[in-house]
Amino acid sequence: MIKNPVPWPNGARCAACITFDMDADSILHLEHPNDSISRVSAISMLRYGPEVAVPRILETYRRLEIHQTFFVPAWCVEQYPAAVEAMVAGGHEVGHHGYMHENPSGAGRDEEAYWLQRGIEVIVRHTGQRPRGWRAPLYNFSNHSADLLIEEGFLYDASLMGDDVPYVLKTERGELIELPSHWGMDDWPPFVHSMDLDYMMPIQAPSRGVQAFREEFDALWEHGGLWVGVWHPFATGRLARWLEVEKLIAYMREKGDVWFATMEEIARHVRRCIDDGSYRPRVDRLPYYRERVSVMPLAPGPRRAAE
Ligand SMILES: [Zn+2]
């Protein structure tokens, strides 16, 4: 099923990392810059992440003695320093997730580089370390992202969806380890419903939403893959959902042979295995395309909308 399963440490069948993207209310101010401050209910829903959910999540991790990864937009680091300090104090990894959850795919190279560097500065100031990994806000990895990450010395990216196991992104400037996930591991579809965020989905029962993540785990455990949850404190950190996650972690540990680690630890392990020849990853050369691909002429806007 998987052509090149990774030789995980201590004979583990599967590596697992819950990544929480602590976006807090950055996404609301980005979406509605002119009136976001009047959308108080939405702000309260999103502040639940750093204020209530992150302490709860960290307490679970402390009890279970696992260390995991948080991707935090730099503006959120500045806005909610106590939550980030608690992550660092608990021994968890803080990765880069944009400055204000801006869209790199919609920016030019210089603008993307500017916000990447500003984000690094903020993370260094608040955590004492440069970020080793990056997840593009809303998976918006641009045609410049890989080069910029390599230039800034990043070890890995966690934005893409191209495999069940880690792989390598190669550009003319160098290499990055890709630690992939996919929308089936993201908690927005089952758990987020917000008119203010223009995202309306039928919310699933906590047990049903988490069940999907469990089935993903069972398949990856069976075949030697990498399980990466792409979750958000304001969504999966809500009480009933988090209780289901605690049951899921207990299930994973009882099943055994699972390596819970930070994304940085996983990326470093994969890098070592590549270097000593014990793992031969798939290599994706980027960019996939340098020019517009479609040969179809652009239809005028209104006509396209009508179709
Ligand atoms: Zn995000």
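Residues numbered from 1 in each chain as written. Predicted model: local features only at pLDDT ≥ 70, side-chain atom pairs only at ≥ 80, totals over all residues. Heavy atoms only, no water.

On the secondary structure map, histidine 29 appears in helix α1 (residues 26-31). In this structure the side chain of histidine 29 is engaged in a polar contact, spanning 2.7 Å, whose partner is the side chain of serine 36. Discounting residues that sit within four places of it in the chain, histidine 29 has contacts with Ser36, Ile43, Trp75 and Met100. (Helix = DSSP H or I, 4+ residues; strand = E, 2+ residues; numbered from the N terminus. Polar contact = N/O pair within 3.5 Å; in protein donor to acceptor, adjacent residues only side chain to side chain. Contact = heavy atoms within 4.5 Å.)

It is characteristic of soluble globular proteins that their nonpolar side chains tend to be buried jointly. Tyr61, Val72 and Trp227 are the most contacted members of the largest nonpolar core, which totals 55 residues. The leading source of residues in this core is helix α2 (residues 40-64), at 9 residues. Excluding residues that lie within four positions of it along the chain, tryptophan 227 makes contacts with Cys14, Ala15, Ala16, Cys17, Ile18, Met185, Phe213, Glu216, Phe217, Leu220, Leu248 and Met252. Counting residues in hydrophobic clusters, the runner-up holds 25 residues, among them Val165, Val228, Trp259 and Cys273. (Core = buried A, V, L, I, M, F, W, Y, C linked by side-chain atoms within 4.5 Å. Buried < 20%, exposed > 50% of the residue type's maximum accessible area, 1.4 Å probe, protein only.)

With that settled, the discussion passes to the coordination of the zinc ion. Protein-derived coordination of the zinc ion comes from Asp23 (OD), Asp23 (OD), His97 (NE2) and His101 (NE2), at a distance range of 2.1 to 2.6 Å. What the 4 donor atoms of the zinc ion show is an angle range of 53 to 133° at the metal, which sorts the shape as irregular. In the primary structure, the donors to the zinc ion are separated according to the pattern D-x73-H-x3-H. Placement of the pair is aspartate 23 in the loop between β1 (14-21) and α1 and histidine 101 in the loop between β3 (93-96) and α5 (109-127), with a sequence separation of 78 residues. (Donors = N, O, S within 2.8 Å, 3.2 Å for Na, K, Ca; no water. Tetrahedral: all angles 85-135°; square planar, octahedral: opposite > 155°, others 65-115°.)

Taken as a whole and judged by the stated rule, the model has 21 salt bridges. A salt bridge links arginine 39 to aspartate 35; the shortest N-O distance between them is 3.1 Å. Judged by relative accessible area, arginine 39 falls into the partly exposed class, the value being 21%. Exposure remark for aspartate 35: the relative accessible area of 32% places this residue in the partly exposed category. A cluster of three or more residues bridged by salt bridges with shared partners is formed by Arg109, Asp147, Glu151 and Arg173. (Salt bridge = Lys/Arg side-chain N within 4 Å of Asp/Glu carboxyl O.)

Mapped onto the elements, cysteine 14 comes out in strand β1. When the C-alpha positions of cysteine 14 and glycine 224 are compared, they lie 5.0 Å apart, and in sequence the two are 210 residues distant. Not counting the four nearest positions on each side in its chain, cysteine 14 is found in contact with Trp8, Phe217, Leu220, Trp221, Gly225, Trp227, Asp257, Val258 and Trp259.

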